[in-house]
Protein chains: 2
Amino acid sequence: MSKYLAGIDVGGTNIKVGLFDFDMNLVCKGSVETFAETGAEEIIGRIAGAVEGLLEQCGGGLSELAAAGVGTPGPADYKAGILYSLANMPGFKDVPVKRMVGEALQCPVGFDNDANVACLGEFVSGAGSDVDDMVFFTLGTGIGAGVISDGKLIRGCGGNGGELGHMIIFPDGRQCGCGQRGCVEAYASASSTAARAMEEIEKGASSSLKAVLDEKGAISCKDVYEHLAGGDPLAKEITELTAKALGILCVNVLHFTEPERIVFAGGMIGSGDVLLDGIKRHFADQIWELKQETVEICFATLGGDAGIVGAAALGKEALGL
Amino acid sequence: MSKYLAGIDVGGTNIKVGLFDFDMNLVCKGSVETFAETGAEEIIGRIAGAVEGLLEQCGGGLSELAAAGVGTPGPADYKAGILYSLANMPGFKDVPVKRMVGEALQCPVGFDNDANVACLGEFVSGAGSDVDDMVFFTLGTGIGAGVISDGKLIRGCGGNGGELGHMIIFPDGRQCGCGQRGCVEAYASASSTAARAMEEIEKGASSSLKAVLDEKGAISCKDVYEHLAGGDPLAKEITELTAKALGILCVNVLHFTEPERIVFAGGMIGSGDVLLDGIKRHFADQIWELKQETVEICFATLGGDAGIVGAAALGKEALGL
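Basis of the calculations
- Residues numbered from 1 in each chain as written.
- Chains lettered and ligands numbered in written order.
- Predicted model: local features only at pLDDT ≥ 70, side-chain atom pairs only at ≥ 80, totals over all residues.
- Heavy atoms only, no water.
- Contact = heavy atoms within 4.5 Å.
- Buried area = accessible area lost by both parts, 1.4 Å probe.
- Salt bridge = Lys/Arg side-chain N within 4 Å of Asp/Glu carboxyl O.
- Polar contact = N/O pair within 3.5 Å; in protein donor to acceptor, adjacent residues only side chain to side chain.
- Helix = DSSP H or I, 4+ residues; strand = E, 2+ residues; numbered from the N terminus.
- Core = buried A, V, L, I, M, F, W, Y, C linked by side-chain atoms within 4.5 Å.
- Buried < 20%, exposed > 50% of the residue type's maximum accessible area, 1.4 Å probe, protein only.
- pLDDT = per-residue confidence, 0-100.
- Axes fitted to C-alpha atoms, helices over the stretch in contact; angles between N-to-C directions.
- Parallel < 35°, antiparallel > 145°, perpendicular 65-115°, else oblique.
- Nonpolar A, V, L, I, M, F, W, Y, C, P; charged D, E, K, R; others polar.
- Phe/Tyr/Trp six-rings, centres within 6.5 Å; stacked < 30°, edge-to-face > 60°.
- Least-squares fit on C-alpha atoms with pLDDT ≥ 70 in both.

For the rest of this paragraph, the subject is the interface of chain B and chain A. Buried accessible area, meaning the area lost when the parts come together, often serves as the stated size of an interface. Opposite the 43 residues of chain B that make contact, chain A presents 43 residues. For the pair chain B and chain A, the summed buried surface comes to about 3500 Å²; carbon and sulfur atoms form 59% of the total. There are four salt bridges connecting chain B and chain A. Residue Lys 152 of chain A is joined to Asp 150 of chain B by a salt bridge in which the shortest nitrogen-to-oxygen separation is 3.6 Å. Counting the contacts that link chain B with chain A gives 24 residue pairs in polar contact (both at pLDDT 80 or more). Of all elements in the fold, only strand 10 (143-149) and helix 8 (233-257) of chain B reach the threshold of two or more residues within the side of chain B that touches chain A.

This part takes up the nonpolar core. With 113 residues, the main nonpolar core has Phe 137, Leu 246 and Phe 264 of chain A together with Phe 137, Leu 246 and Phe 264 of chain B as its most contacted residues. Not counting residues within four places of it along the chain, the set of residues in contact with Leu 246 of chain B comprises Leu 139, Ile 143, Val 184, Ala 188, Phe 264, Leu 275 and Ile 279 of chain B.

Considering every residue of chain A, the mean pLDDT works out to 95; 100% of them sit at 70 or more. Predicted complex metrics record ipTM = 0.95 and pTM = 0.95.

Our next topic: the packing of helix 3 (residues 114-125) of chain A against helix 10 (residues 306-318) of chain A. Two numbers describe a pair of packed helices, the interaxial angle and the distance between the axes. Residues and elements named next belong to chain A. Running from amino to carboxyl end, helix 3 crosses helix 10 at an angle of 85 degrees, the nearest separation of the two axes being 7 Å. It follows from the interaxial angle that helix 3 and helix 10 lie roughly perpendicular. Packed against helix 3, whose contacting residues are Val 117, Ala 118, Leu 120, Gly 121, Glu 122, Val 124 and Ser 125, the element helix 10 presents Ala 306, Gly 307, Val 309, Gly 310, Ala 311, Ala 313 and Leu 314 at the interface. Tallied by class, the residues present in the contact of helix 3 with helix 10 amount to nine nonpolar, four polar and one charged.

The geometry of an aromatic ring pair is captured by the separation of the ring centres together with the interplanar angle, meaning the angle of the planes. Residue and element names in this part refer to chain B. Counted under the stated rule, the structure contains seven aromatic pairs over all chains. For the ring pair Tyr 78 and Phe 111, a centre distance of 4.8 Å and an interplane angle of 55 degrees mean the geometry is tilted. Of this pair, Tyr 78 sits in the loop between strand 5 (76-77) and strand 6 (82-86) while Phe 111 sits in strand 8 (residues 109-113), and the two are 33 residues apart along the sequence. Per residue, the accessibility class of Tyr 78 equals that of Phe 111, and both read buried.

Least-squares fitting of chain B to chain A yields an RMSD of 0.0 Å, with the transformation described by 0.0 Å of translation along the axis and a rotation of 180 degrees. In the structure described here, the two chain copies are related by an operation that fits a two-fold rotation axis. Nearest to the rotation axis, the C-alpha of Ile 169 of chain B is located 2.6 Å from it, this being the minimum over chain B. In this assembly the copies share their binding face: 100% of the residues contributing to the interface of chain B also contribute to that of chain A.

Given below as structure tokens:
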């Protein structure tokens, strides 16, 4: 009897795998190294092996797997199930991931981008589990996002909806890796926050971060928030703009799908209350006065498990449930 | 046998009413004066009378009306069916419109804001009738908007989603009537376009529009586009910023729900190709290079009928169809 859902979260270093029951309770989980330099067949073989290993831990086999979901970074044609390429993984090129995983695991497979999948995870059993409308952001190298409206993930006509990190909020502003100028990602991702600090120091700004840059050759976002705690004025200026950009992003998101909750995730939320309070403060400064807004801005709760939970939920969706 | 849907489009001067069959073909239409100074009961009585009049034209009566839909400006609690107030209509204050219209017409009633209703009209039988994902803007005194994602109108957790005119695109920019700064509405509505021209002339800008201002005491958006056609440099500067603001709005909308079509409506589209071409040009300038975008930016096709068509579609929705 098929009673499990597998959630597969593909990253550049590790592939996380989890088995869930139909109430989305985690039964067991594990991870395998990606070995990014190997080819698609080998990697998908290791994924299948990891899922079978978990099924064996439960005393069963593939016949007990009802469906699986896979989350990967893009670019991909998620509707067609084809992953065009993966950063740092030369062996992945136009791979029909959905079909290959389905053949390996002999079950229906759902496939979506890692941000949508993490969003779905938080929606199913994390920070958004008690609402129908939420927007999710993950602050890392870039800004990933997912939008749940009336209980459903917004995918867009070509599966590329919810790319909110590339909303332009400072026209003609900083160059973004996507080719646009002034994207929120170009200001407020962990990488952009660190990059702005480095640029200011290179332009001669005085800061306790200069010693870090001189010693390590680079500054991390974590460094910036640590020096903010130490009272560094440049760190304050940099993180204020990060919070302002994210506050304006929250205003724009509220006016679009009117979520009940806006959830931030990703490594950068390790900066804690100083980040969250800053976003809330700038949101309050920028939002209209026409009506009182009650949207809750908060951090994600599932940590590193959001991807496997959301991927398992994708599997459930692939069953039409 | 109930075979008609009534669409009711409430404006400050006129109330438009249309009868439709279940395939959304217009059977007949009419309009009555709003007489804004009268009270809610009188106005709703006139609406009911107009609908009954149309039914009689078809040789029938109220028993042949299956459902009705009503579109009004806000603010309102559209879920609860209560209109809080209407500009220039002091008699409308916390009126349970949905219940009152339902009692008067003895049928289920759908109720939503005028921009959502016009969006629905264009989606059902206008510029978006062949797509599942569209975003709609109406450029007038303000910028109204509606979002259709995967065939459904996005309403948000409290019925106030799709207020895209209040997305901030120029932080710390012009003051908007909503209390925010830098909303797209504060730059690119018909009123804001005209207001920006007047401000520049008052600051001393040289323009052929100055004679209009001196003569009429005000400049309209239509004047600005007419003087653009006449080669006036200020009119060019003003309309370029309008087009840029709307182009950036299109970029942000594309990254959000990834519509197949973005539809502009409202009095301002009377400016024609020069407006549409400007929006498309700025969109092309601002959009990312990661992938080729095929979204079509176009004008609405239903004109003044969009409201009654969309309202009738709301009625159909109220029947669960």
